[in-house]
Amino acid sequence: MSEERKSLNFIEQIIEDDLSNGMSKDDLRFRFPPEPNGYLHIGHTKAIGISFGLGEYYNAPVNLRFDDTNPAKEEQEYVDAIKRDIKWLGYEWDKVLFSSDYFQQLYEWALQLIKEGKAYIDSQSSEAMAEQKGTPTQPGIDGPYRNRSVAENLELFQQMKDGVFNEGEHILRAKIDMQHPNMLMRDPIMYRVINKEHHRTGNDWCIYPMYDWTHGESDYLERISHSLCSLEFKPHRELYNWFLDQIVDPNTLRPKQREFARLNLSYTIMSKRKLLQLVEEGIVNGWDDPRMPTISGLRRRGYTPYAIRKFVETVGVAKRDNIIDVSLLEFCIREDLNKTAPRVMAVLDPIKLVITNYPEAKEEWFDAENNPEDENAGFRKVPFSKNLYIERDDFKEEASTKFFRLKLGGEVRLKNAYIIKADHVEKDANGTITEVHCTYSEDTSKKVKGTLHWVSIPHALKATVQEYDRLFIDAAPDSHQDKDFMAFLNPKSLKTIEAYVEPSLKDAKIGERYQFQRLGYFNVDDATTAENLVFNKTVGLRDTWAKVKPKQNENQPKQPQQNNRPPIEHIKSFGKKYDRMPEDKQAKAKAEIIELAQHVSYDDVAPLFNTSVKKSGTRIITMITLGVLLKNGLEKNEAITAFIAKALEDKNALLVAEAKVLA
RNA sequence: UGGCCUAUGGUGUAACUGGCAACACGUUGGUUUUUGGUACCAAAGAGUCUAGGUUCGAGCCCUAGUGGGCCAACCA
């Protein structure tokens, strides 16, 4: 087997290293640990793809573990939705587990920590505790209850568990280090009182463990070998390890937490809290609204599990922040649907076409290919008659030769039917075209530039089509410190259209996906009834014609991340390229450097004087900057004179020229 | 007055661990086409944040800087 070396991502690398350092392949075990407080979204798919993908690759078990330690936010509805979505994506878990399964064990371990003097009951207000905790840049201080006796701690903890106290009166904290540089290590909370019914344990407990106390210990109990999570948990790793240190038996497998960058998609948001807000405020019609980046939203929109998995595979795994362009997601779904979706004709924005030389009562049924990408897809019959609908966009009275569609005097092919020629138009009082009159010819062998889709008016079915645009008009709506993400909502994200579709769609079933030829991919929405067909537009076809057309209502191009670089850094960025630039660019760069140099000090430039000889670009931009400083009254010193002198002897003509100006 | 993470074409990820910066999306041309789709061909686009160092050789190692991110919930 000559297997091509596939480059491993850093997580696969870690696992391979562990394996070659003696870990048994049988010890490999992963988990996906969602909190059941919302629906899964496309961002979760990455985490799912990583852990379940690893499971598939190594043939290792993957647990689905619901991290249900906060009854105030969690619901059974979410548990069910999460399971459904993972199944739909095509992944198989080994066991379904719940953090709440471990409440008793966690409690016993907490008792052990108290007895060892490693945990204590704090009885202050959360404000007081926050104050003692310090800030990221300032150490914390010990609180007054930090040195309570073991006996007292034990008694209070028992009372917490017995429901003696109200929420907020007492909590259990680990006793670590209030001065620790990592805030999470400053005596983190392990237990708090919550008087809410839990969706699984009911009212058995009124104390609930916190995430950090729960997560590592749950991984340990399940013998998870690699506990993979997103980057924002990196600071938790130290605490994760500290908690494990307290209870791990050195002869058993110790789980390892590793972190990867989460997935961000342009023009949408990935925060469950914010998605919930969209649902609750009625901006969208529920978690499965086709505009939502949730799995259920994408499913309803017509995405396939294959496309989503392909997408996640394509984006890769690394540790730097990223914003992936939606066009990649769209590519993945088009690629799948192109091969599988039956083609069909539908007119979304109709204009009436009358074939004047076609008999009034006549109808013909033509064969139409179901899918040119699939030889086995076969043919269907489509009806043709004197009166048709075509897209309003497909006709113009006059147009340039670049316009391949129908214009007066021009010829065009009707897909699966005849070639027609437009003769004249009928208009209403406003000058709007109401009918296009044309004549057909039976000779279909002729070559014409354009082919149009159409439907026969007497045979057409009415259908509702929902067309979606991005939910936000900004590429990164929740990355603005000064503006709320809601300010970027796209008011036109949903467009409902009354369309006409060919009669073969009469018995279309919910969930079925079609290509409306020349328009895009559409699927049959859940809201479809026997009386009314409803389609969702999944994604449009790639449209190179749309780019040629003068753009009408183009969305803001995404703004580049603004860099708050100091001027000298900005100047330096020209250095590498400067002597390779074409002249006009060079002049522009020079002007910019001179402008920036106004805000540069001698101390900024001085370190650049000993730039190595071969980096002439950097030396040139340094020379230009220096020129500005000298002009602004800087006195020449020895270092400056030496730098200029050395430059005068250089081979690079540009550098010499700049140096001569200052010499 | 801190700790940690991070920096490679427009975007995302690679570079066999120090040896010709590659792949995908996107973009631009072209061929084919009864979808301005698909498929196919081609091109443009980065010299790897900056400077210094080690080395015959650095995207990769070392030092210093700069940009970006995360950390102060009785959330996960």
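For the structure given in this document, a descriptive report is provided here. (Residues numbered from 1 in each chain as written. Chains lettered and ligands numbered in written order. Predicted model: local features only at pLDDT ≥ 70, side-chain atom pairs only at ≥ 80, totals over all residues. Heavy atoms only, no water.)

Within chain A, the secondary structure is distributed over 19 helices and 27 strands. The globule rule puts the C-alpha radius of gyration for 663 residues at 26 Å, and the 34 Å found for chain A is more than 25% above it. With the principal axes as the frame, chain A shows a C-alpha extent of 100 × 85 × 60 Å. With 663 residues in all, chain A has 49% of them scored as buried. (Helix = DSSP H or I, 4+ residues; strand = E, 2+ residues; numbered from the N terminus. Rg over C-alpha atoms; globule rule 2.2 N^0.38 Å. Buried < 20%, exposed > 50% of the residue type's maximum accessible area, 1.4 Å probe, protein only.)

For the rest of this paragraph, the subject is the protein's contact with RNA strand B. Arg320, Arg343, Gln515, Lys547 and Ser612 are the nearest of the 74 residues found near RNA strand B. Each atom of RNA strand B within 4 Å of the protein was classed as base or backbone; sugar and phosphate made up 65%. Between RNA strand B and the protein, one listed contact pairs a sugar or linking oxygen with a backbone N or O atom of Ile323 at 3.2 Å. Lys447 has a polar side-chain atom sitting 3.4 Å from a phosphate oxygen of RNA strand B. Elements that contribute at least two residues to the surface near RNA strand B include exactly strand E6 (189-193), helix H12 (326-340), helix H13 (544-548) and helix H14 (567-578). Its residues assigned to classes, the surface near RNA strand B shows 23 nonpolar, 24 polar and 27 charged. (Near = heavy atom within 4 Å. Polar contact = N/O pair within 3.5 Å; in protein donor to acceptor, adjacent residues only side chain to side chain. Nonpolar A, V, L, I, M, F, W, Y, C, P; charged D, E, K, R; others polar.)

Let us look at the sheet that holds strand E10 (residues 343-344). Taken in spatial order, the 7 strands make up an open sheet running E10-E25-E26-E27-E23-E24-E11, and their pairing is mixed. The open sheet has two free edges, formed respectively by E10 and strand E11 (346-347), since each of these has just one partner strand. Taken together, the 2 bridges between E11 and strand E24 (residues 494-501) define a ladder with antiparallel strand orientation. Its bridge partner being in E24, Val347 is matched across the sheet by Tyr500. Against the sheet, H12 touches E10, strand E25 (513-516), strand E26 (520-524) and strand E27 (533-540), its axis set at about 120 degrees to E27. (Pairing = 2+ DSSP bridges. Contact = heavy atoms within 4.5 Å. Axes fitted to C-alpha atoms, helices over the stretch in contact; angles between N-to-C directions.)

Across all of its chains, the model carries 29 aromatic pairs by this definition. Summarising the aromatic geometry, the rings of Phe472 and Phe485 are spaced 6.1 Å apart at their centres and angled 55 degrees between planes, so their arrangement reads as tilted. Note that Phe472 is positioned in the loop between strand E23 (461-468) and E24 and Phe485 in the loop between E23 and E24, a separation of 13 residues in sequence. Here Phe472 falls in the buried class, since its relative accessible area comes to 0%. Cluster of aromatic residues (ring-pair linked, three or more members): Phe103, Tyr107, Phe157, Tyr191, Trp205 and Tyr208. Positioned above the aromatic ring of Phe404 is the side chain of Lys449, whose terminal nitrogen or guanidinium carbon lies 4.5 Å from the ring centre. (Phe/Tyr/Trp six-rings, centres within 6.5 Å; stacked < 30°, edge-to-face > 60°. Lys NZ or Arg CZ within 6 Å of the ring centre and 35° of its normal.)

Strand E8 (residues 226-230) sits mainly inside the fold: 5 of its 5 residues count as buried. What you see with E8 is no split at all: His226, Leu228 and Ser230 on one side and Ser227 and Cys229 on the other are buried throughout. Here E8 pairs with strand E9 (residues 256-260) via 5 bridges, running parallel. From the neighbouring strand, Ser230 faces E9, where its bridge partner is Phe260. The parallel pair E8 and E9, bridged by helix H8 (residues 236-247), forms a crossover whose chirality is right-handed. (Right-handed = clockwise from strand over helix to strand, strands pointing away.)

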